[in-house]
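Chain residues, written in single-letter form:
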Amino acid sequence: MTSGAGPRLFEAASHAKLYSKFRPTYPKSVIQKILSFLLEKHSAPLELAVDIGCGSGQSSRSLTPHFKQVVGLDVSQVQISQAQSKSVEENLTYRQGSAEEIPFSDHSIDLITCAQSLHWFNADKFYKEASRTLKHQGCVAVYGYGVNLPYVPDEGIQTSMHQEYLKIYKDILGPHWDKRRYHVDNLYCNIQVPFRESKRDDSVVMEAVMSVDDMIGYIKTWSSYQTYIRMFPEKSDFLLKHRQKFLEIIQPISPSTPAEEIRFDVRGPIFILLGRNSVRP
Ligand SMILES: C[S@@+](CC[C@H](N)C(=O)[O-])C[C@H]1O[C@@H](n2cnc3c(N)ncnc32)[C@H](O)[C@@H]1O
């Protein structure tokens, strides 16, 4: 898939803060699917899970009820600092490190997760490291989500919301996505988990409830938005006019509620790729 590690697009402190505040969290069923695959052949106690490309910790926290110890690993120190500032779970720690040199000893990890992150790694080096560090029958779970779109109970309003949203996603920010974003748009369909036993699950949906301002905050977490405002600082407030447009579109859903307070569903497809390590110590 990728020949080198990706560009470092998650290094700004302001980006890490937005990430922590506005990125949607994964439904519990993602972890349930992963655990049920792991436990088919790997017996408890589950000692160690490592979440690689953990960002500000959204994907790491949900592992803590199931493992004695969870470590979130990210190449970006600002993301790690943001995750640490929010951390309350006693069995969860964060540290800086890379997917291509996983800082754990051979056959010491029960589960490695990569949420919305593998497309940034050098996948060949990562998988080599995963089979070195995973226990026999330990698993890797690579998952993420495609485009999240707003849903409202009026077809015409929904179409207008989608058009406005896709104008930002494709027309304005489209040229500023890194080429690796293609894998996310393609729901990782071209990505393999090169373990003898592997499977794919597309049955879970990402679901969040947002206001227009939450959605604008979420758009600001996109790496393409960050790239765009770095290239065109004079256009850094371009989302204001789209915010206004979204408010105008959504208002008829509930004419007596201030448009800023109207909340709506946001949904996107989730993909989960699972692999089991057959390498024995
Ligand atoms: C899109 S974020 C995903 C964050 C979080 N897992 C989530 O699901 O929201 C991708 C993260 O991968 C990290 N990353 C990129 N390349 C990496 C590498 N080679 N090793 C470890 N982390 C990496 C980035 O710093 C960033 O925090």
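What counts and what doesn't
- Residues numbered from 1 in each chain as written.
- Predicted model: local features only at pLDDT ≥ 70, side-chain atom pairs only at ≥ 80, totals over all residues.
- Heavy atoms only, no water.
- UniProt positions renumbered as here; feature names shortened; annotations may be inferred.
- Helix = DSSP H or I, 4+ residues; strand = E, 2+ residues; numbered from the N terminus.
- Rg over C-alpha atoms; globule rule 2.2 N^0.38 Å.
- Buried < 20%, exposed > 50% of the residue type's maximum accessible area, 1.4 Å probe, protein only.
- Areas by Shrake-Rupley, 256 points an atom, 1.4 Å probe, with all protein chains shown as cover.
- Salt bridge = Lys/Arg side-chain N within 4 Å of Asp/Glu carboxyl O.
- Polar contact = N/O pair within 3.5 Å; in protein donor to acceptor, adjacent residues only side chain to side chain.
- Contact = heavy atoms within 4.5 Å.
- Pairing = 2+ DSSP bridges.
- Right-handed = clockwise from strand over helix to strand, strands pointing away.
- Phe/Tyr/Trp six-rings, centres within 6.5 Å; stacked < 30°, edge-to-face > 60°.
- Lys NZ or Arg CZ within 6 Å of the ring centre and 35° of its normal.
- Domains from an automatic or database assignment.
- Buried area = accessible area lost by both parts, 1.4 Å probe.
- Nonpolar A, V, L, I, M, F, W, Y, C, P; charged D, E, K, R; others polar.

An unreviewed UniProt entry lists the protein under the name Putative methyltransferase, with Stichopus japonicus as the source organism. A UniProt comment under Sequence similarities (unreviewed entry) is attached to the protein, and it reads "Belongs to the methyltransferase superfamily."

Enquirer: What is the right way to look at the overall build of the protein in this model?
Expert: If you tally the helices and strands in the protein, you get ten helices and nine strands. Taken over C-alpha atoms, the radius of gyration comes to 19 Å for the protein, in line with the 19 Å a tight globule of 281 residues would show. In terms of its C-alpha atoms, the protein occupies a principal-axis envelope of roughly 65 × 35 × 35 Å. Within the protein, buried positions represent 55% of all 281 residues. Of the roughly 12,800 Å² that the protein leaves accessible, carbon and sulfur atoms contribute 51%.

Enquirer: Help me understand the pattern of salt bridges, please; the structure alone is not making it clear to me.
Expert: Pairs can form between side chains of opposite charge once their charged atoms are near each other. Evaluated as defined, the whole model comprises 16 salt bridges. One salt bridge in this structure joins Arg276 and Glu40, with 3.1 Å as the shortest N-O distance. Taken together, the positions of Arg276 in strand β9 (residues 264-276) and Glu40 in helix α2 (residues 28-41) put the pair 236 residues apart, joining distant regions of the chain. Given a relative accessible area of 2%, Arg276 falls into the buried group.

Enquirer: Sorry, what's going on with the environment of Ser223 here?
Expert: Looking at where Ser223 falls in the secondary structure, it is placed in helix α9 (residues 223-231). Using a relative accessible area of 6% as the deciding quantity, one classes Ser223 as buried.

Enquirer: In this structure, what is going on with the side chain of Ser131? I would like to understand it.
Expert: Relative to the helices and strands, Ser131 is located in helix α5 (residues 123-133). A polar side-chain atom of Ser131 sits 3.3 Å from the main-chain carbonyl oxygen of Lys128. Filtering out sequence-adjacent residues up to four positions away, Ser131 remains in contact with His107, Phe195, Asn277 and Val279.

Enquirer: What should I look at first to understand the pairing of strand β3 (residues 92-96) in this one?
Expert: Along any regular strand, the residues point their side chains to alternate faces of the sheet. Taken together, the five bridges between strand β2 (residues 69-74) and β3 define a ladder with parallel strand orientation. Its bridge partner being in β3, Asp74 is matched across the sheet by Gln96. For the segment spanning β2, helix α4 (residues 77-86) and β3, crossover handedness is right-handed.

Enquirer: Help me out: how do you make sense of the packing of aromatic side chains in this one?
Expert: Two numbers describe a pair of aromatic rings. These are the distance of the centres and the angle of the planes. All chains considered together, the criterion is met by 14 aromatic pairs. Between the aromatic rings of Tyr169 and Trp222, the centroid separation amounts to 5.3 Å while the plane-to-plane angle is 90 degrees, which identifies the pairing as edge-to-face. In this pair, Tyr169 sits in helix α6 (residues 155-172) while Trp222 sits in the loop between α8 (212-220) and α9, placing the two residues 53 residues apart along the sequence. Accessibility expressed as a relative area gives 4% for Tyr169, which makes it buried. An aromatic cluster is present here, built from Tyr165, Tyr169, Trp177, Tyr218 and Trp222 joined pairwise through their rings. Here Arg181 stacks its cationic end above the ring of Trp177, 4.3 Å away from the centre of that ring.

Enquirer: Explain the domain arrangement of the protein here, please?
Expert: Accessible area lost upon the coming together of the parts serves often as the stated size of an interface. Splitting the protein by domain gives domain 1 (13-148 + 179-206 + 267-276) and domain 2 (149-176 + 208-264). Taking only C-alpha atoms, the centre of domain 1 and the centre of domain 2 are 28 Å apart. Of the residues lining the interface, 14 residues belong to domain 1; the matching set on domain 2 comes to 15 residues. At the boundary of domain 1 with domain 2, total buried surface from both sides reaches about 1,300 Å², with 58% on carbon and sulfur atoms. Taken as a group, Phe22, Asn148 and Arg267 account for 40% of the area that domain 1 buries against domain 2, more than any other trio of residues on that side. Counting across the interface, domain 1 meets domain 2 through zero salt bridges. In this structure, the connection of domain 1 to domain 2 is made through six residue pairs in polar contact (both at pLDDT 80 or more). Going through the elements one at a time, α1 (13-22) and α7 (181-185) are the ones with two or more residues in the side of domain 1 that touches domain 2. The residue makeup of the side of domain 1 that touches domain 2, split by class, is eight nonpolar, two polar and four charged.

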